[in-house]
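# An overview of the molecular structure
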Amino acid sequence: MSMEQRNGWIWMDGEWLPWGDARVHVMTHTLHYGYGCFEGIRAYPTASGPALFRLDDHIRRLRDSARLMALDLDWSADALADACREAVRRNGLTSAYLRPLLFLGAEKAGVDPAGASTHGMIAAWEWGAYLGDGALDNGIRVKTSSFVRASPNAQLFRVKAVAGYANSILACREVRRDGYDEALLLDGDGYVAEGSGENVFIVRDGELIEPDSACALDGITRRTVIALAADMGLTTSRRRLTRDDLYLADEMFFTGTAAEVTPVVELDRRQIGDGRPGPVTRALQARYLACVRGEDRSHPDWLQPA
């Protein structure tokens, strides 16, 4: 089923519209120039009903993105969070992926958006494993893309910007045409940045390591994994990584709201570790999934009932 043919309700500019009626004009500024920002949020089934994971953190990042991009907002953090919870309830979902999006209207054309109004929407639907069935259990095959992340002077990297994902799309399409599941992107100096839509970690000699990159998103799932690693007594460090470091890793995995904690078992036709998800990855993945499902209550503030 295509995204436009789904049933349900979408919040748009403070109103609830039937899914098929949530439309914009073809001259919408963001459609032409890509100037907007968004979030990805997951809701999980728990013993007490569906709950949204780290909702306040996602709303804060959305509002931070709007601030960095100088988008005027008519909705408070509480109003946006309430709409997210209502999107899960109104659509009758127990497990959901939510997409809040802030975009500019059709008042004018031209690169400068001054005078275009800010609009907001929130959609929610059921979405399974982002990187395919079996990815969480068996791991994925990754290839380093020929496309690189732009310089921090060319793009804002604390923003989940619509336009920024053109770079990710190019990388993703390139490697999937070659038979891989996902792309790894380097920065302009040849150091590891992130996946097309995920942060990356490696494990080497029992230490958890992430790239020290100025052109990678400050992922909320990334922060979650670092906190869980600390709970488990694991040391986490941050430093510039090359492809050599990843090839020699004992384990490697991606993190993201959509990807959750996905093991990487192969990079550029080189086996990572023994070619299977490793014990540290498995432990962090299990702990993460227990937290989002409300089975592990060590961080109860991370879940908000729908």
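Placed above this text is the structure.
A few points on the structure. None of these values were measured; they are calculated from a predicted model.

## Some words on the pattern of salt bridges
Counted by the stated rule, this structure contains 17 salt bridges. Residue Asp-189 pairs with Arg-240 through a salt bridge whose shortest N-O separation is 3.5 Å. Placement of the pair is Asp-189 in the loop between β9 (182-186) and β10 (192-195) and Arg-240 in the loop between β13 (236-239) and α7 (243-247), with a sequence separation of 51 residues. Residue Asp-189 is classed as exposed on the basis of its relative accessible area of 61%. Among the residues examined, Arg-240 registers a relative accessible area of 43% and is labelled partly exposed. Arg-287 is paired through a salt bridge with Asp-231; the nearest N and O atoms lie 3.5 Å apart.

## Looking at the packing of aromatic side chains
Counted according to the given criterion, the structure contains nine aromatic pairs. A network of ring pairs unites the aromatic residues Tyr-97, Trp-125, Trp-127 and Tyr-130 as a single cluster. For the cation-ring pair, Arg-240 lies above Tyr-191, with the distance from its terminal atom to the ring centre recorded as 3.8 Å. Lying over the aromatic face of Tyr-247, Arg-270 brings its terminal NZ or CZ to 4.2 Å of the ring centre.

## Brief notes about the environment of Ser-95
Tracing the sequence through the fold places Ser-95 in the loop between α3 (77-90) and β6 (96-104). Residues Ser-95 and Gln-5, spaced 90 residues apart in sequence, show a C-alpha to C-alpha distance of 19 Å. The contact partners of Ser-95, leaving out residues within four places of it in the chain, are Ala-43, Pro-45, Trp-125 and Glu-126.

Cut-off values and rules
- Residues numbered from 1 in each chain as written.
- Predicted model: local features only at pLDDT ≥ 70, side-chain atom pairs only at ≥ 80, totals over all residues.
- Heavy atoms only, no water.
- Salt bridge = Lys/Arg side-chain N within 4 Å of Asp/Glu carboxyl O.
- Helix = DSSP H or I, 4+ residues; strand = E, 2+ residues; numbered from the N terminus.
- Buried < 20%, exposed > 50% of the residue type's maximum accessible area, 1.4 Å probe, protein only.
- Phe/Tyr/Trp six-rings, centres within 6.5 Å; stacked < 30°, edge-to-face > 60°.
- Lys NZ or Arg CZ within 6 Å of the ring centre and 35° of its normal.
- Contact = heavy atoms within 4.5 Å.

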